[in-house]
Amino acid sequence: MSYYGYGKYFINNMLIDGDKLNSTYGNNKNFMLLAVSRFGSDLQYASDELKNDKEIVLAAVKNNASALKYASSGLKKDKDVVAAAVKIGGASAFEYASYALKNDRNFALFAIKKSASSFRYISDELKNDRNFILEAVKQDGYVLEEISNDKISKDFENDREIVLEAVKHSSAMLFSTIPHEFRKDKEIVLEAMKKDGLALKYAPKELKDDKDVVLAAIRQNGHAIEYAPEKFKKMPEIILEMAKTSPALALAYDQSNLLRNNKEYVLNAVKDFGDSLKYASKELQDDEDIVLAAIKQRGTALEYASDRFKDNEKFVLEAMQSQFIAIDYASERLKSDRNFILSAVKLKGHALVHILPKFQNDKEIVLTAVENGNFNTFKYASNELKNDKDFVLQVLKISPYSFQYVSDKLKEDKAVIKQALTLEGRNLQFLPENLRDDTNLASMAVKQNVDAFKYVSKRLRANRDFVLDSVHQANPNTIDSVAIYANKETLTDTEIASIIAETNKSKLAKILKNNQATATQEL
């Protein structure tokens, strides 16, 4: 017997749907262990005895936490089992825990820490317990949202102490949902800013105008300046405070030039974010140390450097190291220099997309680009080169998957097709339908890469001899390409089913080994 997947199994060389398993195989522990290790929800097909087997259920919930739904009532009380499920699935698993665990303070807090929405499944007794609620929002402030939507505990959303603790353990989005009266409470607002400065967006106008609040927000996240009144954006004190945590952003907002001509500061800013060079003084945009640091961090910062660097081959190539599109900011002289372009595509092959059309038609340049790019690079070669048979054959030797970009004419050329499929079988997908139905070409593709089977014609997927030959080519890592895409009637053939089942054994053994570790209690 062997697991096939998608709720189907090969048993005694026959394909059987999962829902037919219970009566015949549901009590076979070895079989079910393999099944739930691959698809946890298949625990539903196990016998009642195996649904009460801790090893089986642990394997199931480790694969799919919601499989706890199908465990016995006894194992839904087992902390090891439920903790393993909750650790992976949070509330989606805690929903199926026993009432005893939903009423267990420590276990309920463990579940809430994993997922605030676990709160909705705790016992009514805990939902009415203020001390528990206070501990719960400390685990995850978003429990406050659950409280506001819960009939039993809803009144606690107006409890100031609970709200205060919630904003200390959440983010700006929670602050935006708390009752309006608390968003006017400066202490609560300050705590919210300390936790997430972007909460300033949701503060009332009078507190956005409070310097203490704005400073607290900016200290936590410099980007909070976006939500501050204009007067604060011009204050040196605010800019300098922002500079401590967001040097690049502070430079952008520095309208009084406190920082823009400070070499040490600008150097740190461009190391943090290269495009900050945009806000440096003209003098520093012409400074080699500054420009080099900026383009190393972000190649496109070359756009803001002085013209002499854009015309310097060394600096443009350095910028391309981090972002090949930096070539767009090279001087017109360099963009027209064949030797420079050759160096550029040798460094970053994909730069081919950003060069002049005459160079996209240059065989040496395009071949160099393909050698130093990826299979998409050839897409940007000229149509003339994509239709040049001898040149295309050279390209395929370097990058077989580039076949997808050759001209339609060459996609029907036997010599080109043969080389493309011999080097990369999955190129079959780029052939016209009539050629994907050619047995010889399809066999050539599958022989090189069994994954190519998914691209053969419907006729060949139903051809017993072709499918049989394909499963002989497959290994545990590629067998599914045949088993999933072959005609289902063909899969019922005794010999084909037997080979697929046998090939799957080593894969299943590995899956089983990876899923049989004993769960550890995390409380």
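Please read all numbers here as calculations on a predicted model, not as lab measurements.

What counts, and where the lines are drawn
- Residues numbered from 1 in each chain as written.
- Predicted model: local features only at pLDDT ≥ 70, side-chain atom pairs only at ≥ 80, totals over all residues.
- Heavy atoms only, no water.
- Helix = DSSP H or I, 4+ residues; strand = E, 2+ residues; numbered from the N terminus.
- Rg over C-alpha atoms; globule rule 2.2 N^0.38 Å.
- Buried < 20%, exposed > 50% of the residue type's maximum accessible area, 1.4 Å probe, protein only.
- Contact = heavy atoms within 4.5 Å.
- Areas by Shrake-Rupley, 256 points an atom, 1.4 Å probe, with all protein chains shown as cover.
- Arc of directions from axis to C-beta.
- Salt bridge = Lys/Arg side-chain N within 4 Å of Asp/Glu carboxyl O.

Novice: In this structure, what is going on with the overall build of the chain? I would like to understand it.
Specialist: Scanning the chain from terminus to terminus reveals 37 helices and three strands. Its C-alpha radius of gyration of 32 Å places the chain more than 25% over the 24 Å reference for a compact globule of 523 residues. Projected onto the principal axes, the alpha-carbon positions of the chain cover approximately 80 × 75 × 30 Å. Counting across all 523 residues of the chain, residues that qualify as buried make up 52%. By sequence separation, contacts in the chain at least 24 residues apart represent 48% of the contacts at least 6 residues apart. With an accessible surface of roughly 24,500 Å², the chain has 44% of that area assigned to carbon and sulfur atoms.

Novice: How should I be thinking about helix H20 (residues 263-272) in this particular structure?
Specialist: Think of an α-helix as 3.6 residues a turn; residues three or four steps apart then line up on the same face. Those residues of H20 that sit buried are Tyr265, Val266, Ala269 and Val270. Buried positions in H20, seen along its axis, are confined to an arc of 125° and lie on one side of it. The exposed residues of H20 that point more than 90 degrees off its buried face are Glu264 and Lys271. For H20, the elements touching its buried residues are helix H18 (236-245), helix H19 (247-253) and helix H21 (288-297).

Novice: What am I meant to see in the pattern of salt bridges here?
Specialist: This structure, assessed with the given rule, holds 41 salt bridges. In this structure, Arg120 and Glu146 form a salt bridge, with 2.8 Å as the shortest nitrogen-oxygen distance. Placement of the pair is Arg120 in the loop between helix H7 (105-114) and helix H8 (124-127) and Glu146 in helix H10 (residues 143-148), with a sequence separation of 26 residues. Of the residues examined, Arg120 reaches a relative accessible area of 42% and is grouped as partly exposed. Residue Arg130 is joined to Asp159 by a salt bridge in which the shortest nitrogen-to-oxygen separation is 2.7 Å. Note that Arg130 is positioned in helix H9 (residues 130-139) and Asp159 in the loop between H10 and helix H11 (160-168), a separation of 29 residues in sequence. Here the salt bridges share partners, and the residues they tie into one network are Arg464, Asp465, Asp493 and Glu495.

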